[in-house]
Amino acid sequence: MTVESFHPPVRTLMGPGPSDVNPRVLEAMGRPTIGHLDPVFVGMMDEMKDLLRYAFQTDYELTMPVSAPGSAGMETCFVNLVEPGDKVVVCQNGVFGGRMKENVERSGGTAIMVEDEWGSAVDLNKVEDALKANPAAQILAFVHAETSTGAISDARALAELAHKYECLVIADTVTSLGGSPLKVSEWGLDAVYSGTQKCLSCTPGLSPVTFSERAVAAVRNRKTPVQSWFMDLNLVLGYWGGSGKRVYHHTAPINALYGLHEALVILHDEGIEQAWERHRVNHLALRAGIEAMGLSFVVDEASRLPQLNAVSIPQGVDDATVRSRLLNEYDLEIGAGLGPMAGKIWRIGLMGYASNRRNVLLCLGALDAVLSDMGAPIHSGVAVGAAMKAYQ
Ligand SMILES: *Cc1c(COP(=O)(O)O)cnc(C)c1O
């Protein structure tokens, strides 16, 4: 057998994640591996916690990256906070709320579901009704930015409601962190997880989390041990916690953490508010082009995520053909719809490093060219100009 090194093509990643990785991050990941208890590495970990606090806009002591992808951050929140018999109010308006339900049930809890239509924000009135009807519920869980539909929910108002009914808040911020306003401490979110491959422009595989003191107290006061050894925060904190001696828990993904550190330095240099604004401006330009073509957005203007644009596929156009032509002819990846939205929508990501003018113009130009060539019912040749005008 002859084998060769793997050389992936260079693509532009404008789907639901992973998004384009900043070359500075890839360069940082190639630096020499050192020991995970090396004092130099431990110093980097401490700085990383501060950088994560800045990104999350939090002052919570327990802030760190879980050594596994966003789904593991989700599981870390649920397995630590949910005990057998607990009731959790779970909001579902897309794919990821469904996974929260799974997590509650696998932790031995009961999920009280608050369902909203896919593409809509979580309805605050329905949440209040559920909290009122279930005084025993101890946790409210929701997805801030639903990547499957492109809708954002009002995390601040949801947290206010939860606290009014004496519930802790678990919030999925995988797609919002770095792309949409998120103020963890000010809003009082208690257990928050995110991912590295969306608006942080880092490689996939790490999940930043942050826990309020109330959430940490709840973990410490559990009646039963956390069923997952790897995710038990009581153990993980021996390695990541405090500033004292570090105890071996698992070997940290050293080079992946160099990458995250670099991604967070880049975000810090740009400024978190500037990053939110950049995502907004590029979204408005993409939107101008999409609408000039005659295509429409799935989500109402008020709940639209700037970093994840769900666009309805025009009648008679084959979803898979368009996406494979974009990939093969333009090295451009956009996302397909999930679940009930499969074949009906495209998901165009403008996340992190990928949220820039060049990508907006490339995507509009390529989509225009492919759809025009296929004879799709669109206004041809006007999308790029409309976006350029939006930038002026
Ligand atoms: C991507 C995503 C996840 C899962 O993250 P992975 O890194 O793929 O495990 C969870 N929630 C939301 C909202 C996401 O967009």
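Criteria and thresholds
- Residues numbered from 1 in each chain as written.
- Predicted model: local features only at pLDDT ≥ 70, side-chain atom pairs only at ≥ 80, totals over all residues.
- Heavy atoms only, no water.
- Pairing = 2+ DSSP bridges.
- Helix = DSSP H or I, 4+ residues; strand = E, 2+ residues; numbered from the N terminus.
- Axes fitted to C-alpha atoms, helices over the stretch in contact; angles between N-to-C directions.
- Contact = heavy atoms within 4.5 Å.
- Phe/Tyr/Trp six-rings, centres within 6.5 Å; stacked < 30°, edge-to-face > 60°.
- Buried < 20%, exposed > 50% of the residue type's maximum accessible area, 1.4 Å probe, protein only.
- Core = buried A, V, L, I, M, F, W, Y, C linked by side-chain atoms within 4.5 Å.
- Domains from an automatic or database assignment.
- Left-handed = near helix turned anticlockwise from the far one by under 90°.
- Nonpolar A, V, L, I, M, F, W, Y, C, P; charged D, E, K, R; others polar.
- Buried area = accessible area lost by both parts, 1.4 Å probe.
- Salt bridge = Lys/Arg side-chain N within 4 Å of Asp/Glu carboxyl O.
- Polar contact = N/O pair within 3.5 Å; in protein donor to acceptor, adjacent residues only side chain to side chain.
- Near = heavy atom within 4 Å.
- Areas by Shrake-Rupley, 256 points an atom, 1.4 Å probe, with all protein chains shown as cover.
- Disulfide = S-S within 2.5 Å.

(A) Molecular detail of the sheet that holds strand S5 (residues 139-143). Taking strand neighbours across the sheet as the criterion, the 7 strands line up as S2-S10-S9-S8-S5-S3-S4 in an open arrangement whose pairing is mixed. Single-partner strands in this sheet number two, and they are strand S2 (62-66) and strand S4 (110-115). Mean inter-strand twist for the sheet, computed between neighbouring axes without regard to direction, equals 15°. By the bridge criterion, 5 bridges tie S2 to strand S10 (residues 207-211) in an arrangement that is antiparallel. Each bridged residue has a counterpart across the sheet, and for leucine 62 the counterpart in S10 is phenylalanine 211. In this fold helix H4 (residues 95-106) packs onto strand S3 (87-92), S4, S5, strand S8 (168-172) and strand S9 (191-193), with an angle of close to 165° to the strand it touches most, S3.

(B) Representation of the packing of aromatic side chains in the model. Using the criterion set out here, one finds 2 aromatic pairs in the structure. When the centroid spacing of 6.1 Å and the interplanar angle of 75° are considered together, the rings of tyrosine 239 and tryptophan 240 count as edge-to-face. Residue class for tyrosine 239 comes out buried when judged on its relative accessible area of 0%. Judged by its relative accessible area of 2%, tryptophan 240 is buried.

(C) Representation of the nonpolar core in the model. One finds Phe41, Leu81, Val127, Phe142, Ile170, Leu189 and Phe211 to be the most contacted residues of the largest nonpolar core, which totals 90 residues. For this core, the element with the most residues is helix H2 (residues 39-56), which contributes 9 residues. Residues lining this core come from more than one domain, with at least three contributed by each of domain 1 (23-269) and domain 2 (272-391). Excluding its chain neighbours within four sequence positions, the residues that come into contact with valine 127 are Cys91, Val114, Val122, Leu140, Leu158 and Leu161. If you look at the next biggest cluster of nonpolar residues, it comprises 29 residues, including Phe297, Leu332, Leu350 and Ala383.

(D) Layout of the packing of helix H11 (residues 272-292) against helix H14 (residues 383-391). It is the contact of H11 with H14, at a shortest axis distance of 7 Å, that shows an interaxial angle of 145°. Here H11 runs over H14; the crossing is right-handed. For the pair formed by H11 and H14, the contact residues are Val281, Asn282, Leu284, Ala285, Ala288, Gly289 and Ala292 on the first element and Ala383, Ala386, Ala387, Ala390 and Tyr391 on the second. Partitioned by chemical class, the residues of the contact of H11 with H14 number 10 nonpolar, 2 polar and no charged.

(E) Molecular detail of the domain arrangement of the protein. Looking at the protein, the domain boundaries give domain 1 (23-269) and domain 2 (272-391). Between the C-alpha centres of domain 1 and domain 2 the distance comes to 29 Å. Taken residue by residue, the interface counts 28 residues in domain 1 and 20 residues in domain 2. Here domain 1 packs against domain 2, burying approximately 2,000 Å² in sum over the two surfaces, 67% of which is carbon and sulfur. In this assembly, domain 1 and domain 2 are joined by 0 salt bridges. The interface formed by domain 1 and domain 2 includes 8 residue pairs in polar contact (both at pLDDT 80 or more).

(F) The arrangement of the site of the ligand in detail. In the vicinity of the ligand, the contacting residues are Pro69, Gly70, Ser71, Phe96, Val143, Ala145, Thr147, Asp172, Val174, Thr175, Gln197 and Lys198. Within the side chain of glutamine 197, one N or O atom sits 2.7 Å away from an oxygen atom of the ligand. Burial of the ligand by the surrounding chains reaches 89%, relative to a free accessible area of 380 Å².

(G) Region of interest: the state of the cysteines. Scanning all chains against the criterion turns up 0 disulfides. Of all cysteine sulfurs, the one in cysteine 91 lies closest to cysteine 77, which takes part in no disulfide; the gap is 15 Å. We note that cysteine 199 lacks a disulfide partner, and the nearest cysteine sulfur, in cysteine 202, lies 13 Å from it. On the basis of relative accessible area, cysteine 199 is assigned to the buried category, the value being 5%.

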